[in-house]
Amino acid sequence: MAGTVLVTGGTGYIGGEVIDQLLAKGYTVHTTVRNRAKSEPKLRQRWATAGDRLKVFQADLMSDEGWAEAVKGCNAVAHVASPFPIGVPKDKDELVVPAREGTLRALRFANSVGIKRFVQTSSAAAIAYGHPEKDHFDHTDWTNLDAGVPPYIESKTVAERAARDWVAANAPDMVFCSVNPVAVFGPVYDDDVSTSIEIVKKVIDGSIPLIPNMGICVTDVRDVAEAHVRAIEAPAEQVAGERFPTSEKFMWIREMAETVRQRTPEYAKKVPSRPMPDFMVKLLAPFMPEMKQIKGELGNVRDVSGKHTEDVLGFKFISAEQTIEDTVRSLVAKGLVKA
Ligand code: NAP
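Rules used throughout
Residues numbered from 1 in each chain as written. Predicted model: local features only at pLDDT ≥ 70, side-chain atom pairs only at ≥ 80, totals over all residues. Heavy atoms only, no water. Helix = DSSP H or I, 4+ residues; strand = E, 2+ residues; numbered from the N terminus. Rg over C-alpha atoms; globule rule 2.2 N^0.38 Å. Buried < 20%, exposed > 50% of the residue type's maximum accessible area, 1.4 Å probe, protein only. Contact = heavy atoms within 4.5 Å. Lys, Arg positive; Asp, Glu negative; His and termini not counted. Charge placed at Lys NZ, Arg CZ, Asp CG, Glu CD. Core = buried A, V, L, I, M, F, W, Y, C linked by side-chain atoms within 4.5 Å. Pairing = 2+ DSSP bridges. Right-handed = clockwise from strand over helix to strand, strands pointing away. UniProt positions renumbered as here; feature names shortened; annotations may be inferred. Axes fitted to C-alpha atoms, helices over the stretch in contact; angles between N-to-C directions.

As for the overall build of the chain
The secondary structure content of the chain amounts to 13 helices and 14 strands. Taking 339 residues into account, the globule formula puts the C-alpha radius of gyration at 20 Å, and the chain, at 20 Å, falls close to it. Across its three principal directions, the C-alpha atoms of the chain cover 55 × 45 × 40 Å. Looking at the chain as a whole, 54% of its 339 residues qualify as buried. Contacts in the chain between residues far apart in sequence, at least 24 positions, make up 77% of those at least 6 positions apart. Taking the average location of the 42 positive side-chain charges in the chain and that of its 45 negative ones, the two points are 3 Å from each other.

Some thoughts on the nonpolar core
Core analysis: the biggest nonpolar cluster contains 71 residues, and V7, L22, L54, F185, M256, I324 and L331 have the highest contact counts within it. Considering every element that reaches this core, the biggest residue donor is helix α7 (residues 221-233), with 7 residues. If we ignore the near neighbours within four places in the chain, the residues touching I324 are V200, V218, M251, M256, T259 and V260. The next biggest cluster of nonpolar side chains, apart from the first, holds 23 residues, and it includes A59, L61, A70 and V71.

Considerations on the pairing of strand β4 (residues 76-79)
Side chains A76 and A78 project from β4 onto one buried face, and the interleaved V77 and H79 project onto a second face that is buried too. Across 4 bridges, the pairing between strand β1 (residues 4-8) and β4 is parallel. Counted as the bridge partner of V5 is A76 from β4. Crossover β4 to strand β5 (residues 117-121) through helix α4 (residues 93-112) is right-handed.

Considering the UniProt feature "domain: NAD-dependent epimerase/dehydratase" (unreviewed entry) in the chain
Here, UniProt's "domain: NAD-dependent epimerase/dehydratase" (unreviewed entry) annotation points to residues 5-244. As annotated, residues 5-244 comprises 39% helix and 19% strand, and the C-alpha atoms at either end are separated by 19 Å.

Focus: the sheet that holds β4
Within the open sheet, the 7 strands sit side by side as β3-β2-β1-β4-β5-β7-β11. Their pairing is parallel. Looking at the sheet topology across the chains shown, the edges are occupied by β3 (54-58) and β11 (243-246). Averaged over all pairs of adjacent strands, the angle between strand axes in this sheet comes to 20 degrees, irrespective of strand direction. In terms of strand pairing, β5 meets strand β7 (residues 175-181) through 5 bridges, oriented parallel. Looking across to β7, one finds that Q120 is bridged to S178. Of the strands in this sheet, β4, β5 and β7 are in contact with α4, which crosses β5 at around 170 degrees. Its contacts with the sheet place α7 against β1, β4, β5, β7 and β11, and it is angled at close to 160 degrees to β5.

Shown next as structure tokens:
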């Protein structure tokens, strides 16, 4: 069922993979970028053979300019763009406002031209936070904003809620669903690596000498993109209103380090093996933003199940070990780390 799909945020890690898979399946792709003069040459270089099947539009999440042109002629939208910074901003609205307003803008313009399929890239951030008593989550769970959560978590939760409310009130016949990835890893395309990839980079480049007692769920960028494409192609009744977490499994950072040692021993020279005591993280937190960010995660299991997504969309996720191996090999191959 090839057609034309708008993928917002074509410069991003996930957006790029979604475009890749759609072009490979014969779709025409419209994509939005913030700065067309800067980004279009890079995108044309990556998809050199796409020609007219790739159209690049300049559109910011915070402005109406460019959106009418971007949605024209499309049958579906994968709304991937959203701020995903490494640090924590002083003002949470730097993230919450563009995440929410950008999603509502994409929905409004999509609806104005009669687009009936809309897939939002949400996040496990909208599922698994603000519930200190719980450690296992699935597509039915929602982050509890009343518990007070970091700005990025809030931005993704607010944006997904706002999207669902808007569709219910304004476009009840639009088939809307979300893809909710956990931390995304996998092959990288260029040096503009996503925040999640920085974790593996730090494990292999020696910048963390000891391993903090924390873990994360792992998903592969290829599975995240495949979930988007399947959500666009599946029958309406299978996906309408759904949430599709992509998550292969929860891993402690020490298990990630062990995976690097076992699967890519040639790049494991700088991989730490000794644990960082929790008290050290807490002592360093006031001086180091990274330690401040992980302080609250020490010892926490936050395991989000992706089984529902595998069952409904009908595919099997790549193993977390394979994903870690492929991440390491591609970071080294692109010259992004000297392991
Ligand atoms: P990324 O590589 O940083 O991509 C983010 C994209 O959003 C970029 O294309 C960026 O454009 C665009 N963007 C940000 N602010 C914008 C604005 N004001 N106007 C227009 N575009 C804007 O990150 P990613 O990992 O691919 O993330 C993509 C989506 O997946 C986000 O919605 C993120 O929340 C979600 N997600 C990511 C992960 C993960 O671990 N990577 C996990 C769960 C969910 P520029 O290139 O111009 O900055």
